[in-house]
Amino acid sequence: MAKKALITGLTGQDGSYLAEFLLKKGYKVYGMVRRTSTENFSRIDHIRDKIEIVPGDLHDQLSLIELMQQIKPDEVYNLAAQSFVPTSWNQPILTGEVTALGAARVLEAIRAVNKKIKFYQASSSEMFGQVTETPQNENTRFHPRSPYGVAKVYAYWITVNYRESYDMFACNGILFNHESPRRGLEFVTRKITHGVAMIKHGLAKELRLGNLDAKRDWGYAGDYVEAMWLMLQQKKPEDYVIATGETHTVREFCKLAFARAGLDYRKYVKIDPRFYRPAEVHLLKGDASKARKKLKWKPKVSFKELVHMMVDADMKEVEELKKYGRV
């Protein structure tokens, strides 16, 4: 009988890649979506007929308990969150309700229905924030620098506490930045690659960005969802950093992205103070040696390949939109 997996945040970047991955592994995949006036299934359109969409809400404890009773999943992947750092400054209470308490509600639903259900929590490198050591590993102290990072720290520790207090199989994946052509346009990487496509097609003249010297450890989302699954296949639950171990600046990302389209980023990128964070995170670099050793996981897509993949996808998308007069 096929294993059953429930994914919260199905329609996001990671949810779509994880659903694809689990389907290939032979899972029956359920995706929890919140009822809204507008539905956006664009990232999962190509596999929607293979997934069972189920209604649920991280704000609503009863809906989560009913979902666990109805589906009886073997594994639950909690990927849903208010995950955009700048928005967390504008909506800190909402971010806490969804990103922090949402994780607690999922864990409580599992505890109430069946403690044998395996749980994966999407933790974040933003928890490290003002880093105390480089690179960061599973033992590095957290010092979050945004309401989003603070909420993720709560979700991390509530996962650890449920694991230790109730003997539940609950893991944290501390994932460093991971991107793809499915990344939201509000994130700087996709903002850059989409901006390149718009400029190349004559639909924009400049791209406004914030701190070009911020350094990040960027990987490919398609690689990282495999690590999520591997964590839940181990004999005992543990927490893992997932990262490439390389850092690149936003400036480097710009240079590569514009060059892919035959452009010089210096002619088009303008610094705009509006895009600086209230508390900047200057350097994130992960040490994934534990994951390499215990999970036998390593990233497959290089930084350059990732940037090129994203630019190529946006060039194609903007060309299509331009063709039909939608931009």
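The following refers to the structure shown. Because the structure is predicted, anything quoted here is derived from the model rather than measured. (Residues numbered from 1 in each chain as written. Predicted model: local features only at pLDDT ≥ 70, side-chain atom pairs only at ≥ 80, totals over all residues. Heavy atoms only, no water.)

Some points on the packing of aromatic side chains
- One pass over the structure, following the stated rule, counts 13 aromatic pairs.
- The interplanar angle of 45 degrees and the centroid separation of 6.0 Å between the aromatic rings of Y77 and Y120 together place this pair among those described as tilted. Separated by 43 residues along the polypeptide, Y77 in strand 4 (residues 75-78) and Y120 in strand 5 (residues 118-124) bring together distant segments of the chain. As far as burial versus exposure is concerned, Y77 and Y120 are alike and both buried.
- Relative to F303, the ring of W218 has its centre 6.0 Å away and its plane inclined at 15 degrees; by these criteria the two rings are stacked. Of this pair, W218 sits in the loop between strand 9 (215-216) and strand 10 (219-220) while F303 is found in helix 10 (residues 303-323), placing the two residues 85 residues apart along the sequence. When sorted by exposure, W218 lands in the same class as F303, which is buried.
- Taken together, the ring pairs connect F128, F142, Y156, W157 and F176 into an aromatic cluster.
- Across from the ring centre of Y166, 4.6 Å away, lies the NZ or CZ of R111, which sits over that ring. (Phe/Tyr/Trp six-rings, centres within 6.5 Å; stacked < 30°, edge-to-face > 60°. Helix = DSSP H or I, 4+ residues; strand = E, 2+ residues; numbered from the N terminus. Buried < 20%, exposed > 50% of the residue type's maximum accessible area, 1.4 Å probe, protein only. Lys NZ or Arg CZ within 6 Å of the ring centre and 35° of its normal.)

Points about unusual backbone geometry
- Residues T134 and P135 are joined by a peptide bond in cis, for which omega reads 0 degrees.
- Here P135 is to be found in the loop between strand 5 and helix 5 (147-166).
- In this model, K72 sits at a positive phi of 55 degrees, which is unusual for a non-glycine residue.
- Structurally, K72 is set in the loop between helix 2 (61-71) and strand 4.

Some thoughts on the pairing of strand 2 (residues 28-33)
- The element strand 2 is extensively covered by neighbouring structure, given that five of its six residues are classed as buried.
- When strand 1 (residues 4-8) meets strand 2, the two strands line up parallel, connected through five bridges. Residue pairing in the sheet places I7 in a bridge with G31 of strand 2.
- On the question of chirality, the crossover connecting strand 1 to the parallel strand 2 by way of helix 1 (residues 13-24) is right-handed.
- Of the strand pairs in this sheet, strand 2 and strand 3 (residues 52-55) are connected by four bridges, and their pairing is parallel. Its bridge partner lying in strand 3, G31 is registered against I53. (Pairing = 2+ DSSP bridges. Right-handed = clockwise from strand over helix to strand, strands pointing away.)

Structural notes on the packing of helix 8 (residues 250-260) against helix 10
- It is at 9 Å that the axes of helix 8 and helix 10 come closest, and there the two elements cross at 50 degrees. Classified by the angle between their axes, helix 8 and helix 10 sit oblique to one another. When the axes of helix 8 and helix 10 are compared, the crossing they make is right-handed. Along its contact with helix 8, which presents F253, L256, A257 and R260, the element helix 10 presents F303, K304, V307, H308, M310, V311 and D312. (Axes fitted to C-alpha atoms, helices over the stretch in contact; angles between N-to-C directions. Parallel < 35°, antiparallel > 145°, perpendicular 65-115°, else oblique. Left-handed = near helix turned anticlockwise from the far one by under 90°. Contact = heavy atoms within 4.5 Å.)

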